[in-house]
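Structural description and commentary
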Amino acid sequence: MSSHLQSYGQRAQNFTNPAAKLLLETMERKKSNLAVSVDVTKTKDFLSIIDTVGPFVCLIKTHIDILEDFDPSLITQLKELSQKHNFLIFEDRKFADIGNTVALQYSRGVHRIADWAHITNAHAVPGPGIITGLSSVGLPLGRGLLLLAEMSTKGSLATGAYTDATLRMAENNRDFVVGFVAQQRMGGHHEDFLVLTPGVGLDSKGDGMGQQYRTPREVILDSACDVIIVGRGIYGGDTAESVRAQAQRYQDAGWSSYLERISLP
Ligand code: S5P
């Protein structure tokens with residue numbers, strides 16, 4: 001059976017990587033294929049949004065470098081919330097340099113990403129050395145990597161031959177590369193990979209800066225992706241109650257589309 005028609009729980013056995021297994025098991029247990037992207041600049045807002053959406057998500061996506069008041073104690077609190085609500089953490093770092101540099105960026109500096117992010121991501125543009133560098137740090141820690149195979153933005157250059165070559169890089173590094181940030185499940189490979197998809201919104205089509213939104217149903221059912229990544233569509237509301245209601249709404253939309261997909265003949 002094609003991997004995307006198997007349940008998330010069944011697919012855990014298709015992976016050796018512990019972060020991928022844990023993500024799929026968490027999705028199955030929480031009945032959630034929703035990741036919330038928490039792109040805010042104040043620690044207080046960051047933690048309160050995560051505490052509010054935590055029950056509805058399998059994954060929290062961070063851009064840790066946009067926090068103006070970052071302090072290492074924030075990481076302790078983030079890890080506590082991840083245990084309290086049972087979600088994994090994905091630092092959307094989009095590494096894009098030579099292997100030696102990305103290994104340092106991943107393990108050191110102020111943020112020490114490898115210490116706390118179950119999953120991170122990288123552009124394929126430098127070639128396979130970027131995976132060698134990141135896996136030298138992340139693999140011993142049981143971390144997983146996603147490659148950016150496509151982007152959600154208008155005019156993206158990550159298409160065609162570039163996307164195909166990204167797929168080949170992932171296939172050659174199955175132990176550490178667990179999937180893609182992409183807009184669709186791509187054919188032409190037999191391995192199971194996770195497909196996480198940003199550019200998801202129910203009420204808006206774009207943001208005037210190139211972002212393009214599709215609905216959870218288009219992403220999960222029509223394009224056979226696995227995880228919807230939603231940012232402003234959820235945390236854009238000004239009260240905790242509206243943030244909670246949006247998280248619930250996107251969780252329901254993503255999960256019902258998944259149930260429809262796995263029941264396809
Ligand atoms: O192609 C991409 C890849 C990513 S990771 N398009 C994206 O929008 N993203 C990220 O997803 C982006 O950096 C942001 O954190 C999030 C989308 O946020 P939203 O507010 O537009 O939903």
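Each remark here, short or long, concerns the structure printed above.
The following refers to the structure shown. What you see is a predicted model; the values in this text were computed from it and never measured. (Residues numbered from 1 in each chain as written. Predicted model: local features only at pLDDT ≥ 70, side-chain atom pairs only at ≥ 80, totals over all residues. Heavy atoms only, no water.)

1. Thoughts on the site of the ligand
Taken together, 14 residues are adjacent to the ligand, and D39, K61, S152, Y213 and R232 come closest. The separation between an oxygen atom of the ligand and a polar side-chain atom of K61 is 2.8 Å. One of the backbone N or O atoms of G231 is found 2.9 Å from an oxygen atom in the ligand. According to the grid-proximity analysis, the pocket containing the ligand is the largest pocket. The residue makeup of the shell around the ligand, split by class, is 4 nonpolar, 5 polar and 5 charged. (Near = heavy atom within 4 Å. Polar contact = N/O pair within 3.5 Å; in protein donor to acceptor, adjacent residues only side chain to side chain. 1 Å grid on protein atoms, 1.4 Å probe; cavity = no way out; pocket = protein on both sides within 12 Å on 5 of 7 lines; lining within 4 Å. Sits in = over half its atoms within 2 Å of the grid points. Nonpolar A, V, L, I, M, F, W, Y, C, P; charged D, E, K, R; others polar.)

2. What about the sheet that holds strand β4 (residues 119-123)?
The strand order β1-β2-β3-β4-β5-β6-β7-β8 describes a closed barrel built from 8 strands, whose pairing is parallel. When the angles between neighbouring strand axes are averaged without regard to direction, this sheet yields 30°. Judged from the 3 bridges that link them, strand β1 (residues 34-37) and strand β8 (residues 227-230) form a sheet pairing that is parallel. Across the sheet, the residue bridging to A35 is I229, located in β8. Running at roughly 130° to strand β3 (residues 88-95), helix α2 (residues 18-30) makes contact with β2 (59-62), β3, β4, β5 (144-148), β6 (177-181), β7 (194-197) and β8 of the sheet. Sheet strands touched by helix α7 (residues 160-171): β4, β5 and β6. Its angle to β5, the strand with the most contacts, is close to 165°. (Pairing = 2+ DSSP bridges. Helix = DSSP H or I, 4+ residues; strand = E, 2+ residues; numbered from the N terminus. Axes fitted to C-alpha atoms, helices over the stretch in contact; angles between N-to-C directions. Contact = heavy atoms within 4.5 Å.)

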